[in-house]
Amino acid sequence: MRAEYLIVDGHSVIFAWPELRKLHARRTSLARDALTKKLRDYQDWTGTRVAVVFDGKGSSISVSSDPGEIQVFYSRAGQTADSIIERLASKYGERFKLLVATSDVLEQETASACGAECISAEALRWLLDEAAPK
């Protein structure tokens, strides 16, 4: 059995979920933190490794991942989160079972071509809700 990974297009999800979009309007970090918490809970409940990718502003790609935590990627200025997701999918699509969550249809097509399964932001909401302890 191949290891399972969930790669999430952070801003695609933030703008698709009304409650996160509302937080984003107040302060971007609030929406990112809320999404990251939901994804961390999902990883804890299921054992599926999670990476979330956001558009960034820095001069280089930044990655944070404490042991047991989800991986959080920020693209560098002038680079989109999509390009990082594409790189991850092409690098790991053959070796792992990848699920990419984005509502960007072009991104879904590219990730699928790399061997990943794709779901929309709304399907991600359902996946997270189904995994939550009852």
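Up top you'll find the structure we're talking about.
By convention here, each chain's residues receive numbers from 1 onward along its written sequence. Owing to the predicted nature of the model, reporting of local features is limited to residues with pLDDT of at least 70; listing and counting of side-chain atom pairs is limited to 80 or more, with chain, interface and lining totals taken over all residues. Calculated side-chain values reflect all of the structure's heavy atoms, with hydrogen atoms and water omitted.

A. Up close: the layout of surface pockets. Grid points spaced at 1 Å over the protein atoms alone were grouped into cavities, where a 1.4 Å probe fits but cannot get out, and pockets, open sets with protein on both sides within 12 Å along at least five of seven lines, with lining residues defined by an atom within 4 Å of a point. Grid points are joined across faces, edges and corners, and a volume is the space filled by probe spheres set on the points. In this model, the largest pocket occupies a volume close to 150 Å³. In terms of lining, the largest pocket is formed by Glu-4, Tyr-5, Leu-6, Tyr-42, Thr-48, Lys-97, Leu-98, Leu-99, Glu-117 and Leu-127. Comment: elements are numbered from the N terminus, with helices defined as DSSP H or I runs of at least four residues and strands as E runs of at least two. Contributions of two or more residues to the lining of the largest pocket are made by β1 (4-9) and β5 (97-101). Under the convention adopted here, Pro, Cys and the residues Ala, Val, Leu, Ile, Met, Phe, Trp and Tyr are nonpolar, Asp, Glu, Lys and Arg are charged, and Gly plus all remaining residues are polar. Among the residues making up the lining of the largest pocket, the classes are represented as six nonpolar, one polar and three charged.

B. Just the pattern of salt bridges, in detail. Each salt bridge in this description consists of a side-chain nitrogen of Lys or Arg and a carboxyl oxygen of Asp or Glu lying within 4 Å of one another. On inspection of all chains with the given rule, the structure shows five salt bridges. For Glu-4, the salt bridge is made with Lys-97, and the minimal N-O distance between the two is 3.9 Å. In this pair, Glu-4 sits in strand β1 while Lys-97 sits in strand β5, placing the two residues 93 residues apart along the sequence. Here the term buried applies to any residue with accessible area under 20% of the maximum for its type, exposed to any over 50%, and partly exposed to those in between, with areas from a 1.4 Å probe on protein chains only. Judged by relative accessible area, which is 35%, Lys-97 ranks as partly exposed. For Glu-69, the salt bridge identified is with Arg-40, shortest N-O distance 2.6 Å. Separated by 29 residues along the polypeptide, Glu-69 in the loop between β3 (62-64) and β4 (71-76) and Arg-40 in helix α3 (residues 28-46) bring together distant segments of the chain. Under the relative-accessibility criterion, Glu-69 is labelled partly exposed at 27%. For Arg-40, a relative accessible area of 28% gives the class partly exposed. A single network of salt bridges, built from pairs that share partners, joins Glu-19, Glu-122 and Arg-125.

C. Structural detail: the environment of Ala-34. Following the sequence through the fold, Ala-34 ends up in helix α3. Exposure remark for Ala-34: the relative accessible area of 25% places this residue in the partly exposed category. A sequence separation of 11 residues divides Ala-34 from Leu-23, and the C-alpha atoms of the two residues are 8.6 Å apart. Sequence-distant contacts of Ala-34, defined by excluding residues within four places in its chain, comprise Leu-20 and Leu-23. When checking whether two residues touch, look at their non-hydrogen atoms; a contact exists if any pair is within 4.5 Å.

D. Spatial organisation of the nonpolar core. Joining through side-chain atoms within 4.5 Å is the link that ties buried Ala, Val, Leu, Ile, Met, Phe, Trp, Tyr and Cys residues into a set, and such a set is a nonpolar core. By size, the foremost hydrophobic cluster in this structure holds 22 residues, and its most contacted members are Leu-6, Leu-35, Leu-39 and Leu-124. Sorting the residues of this core by element identifies β1, α1 (10-16), α3, β2 (49-58), β5 and α6 (121-131) as the ones contributing at least two each. Excluding residues that lie within four positions of it along the chain, Leu-39 makes contacts with Leu-6, Val-8, Val-50, Val-52, Ile-70 and Leu-128. Membership of the second largest hydrophobic core comes to 15 residues, among which are Ile-7, Phe-73, Ile-84 and Ala-116.

E. Summary view of helix α4 (residues 81-92). Working rule for helices: expected span equals 1.5 Å times residues minus one. Compared with the 16 Å implied by 1.5 Å per residue over 12 residues, the 16 Å span of α4 between its first and last C-alpha is a close match. The complete set of buried residues in α4 reads Ala-81, Ile-84, Ile-85, Leu-88 and Ala-89. Burial along α4 is one-sided: seen end-on, the buried residues are contained in an arc of 135 degrees. Directions are taken from the helix axis to each C-beta atom, and the arc is the one they span.

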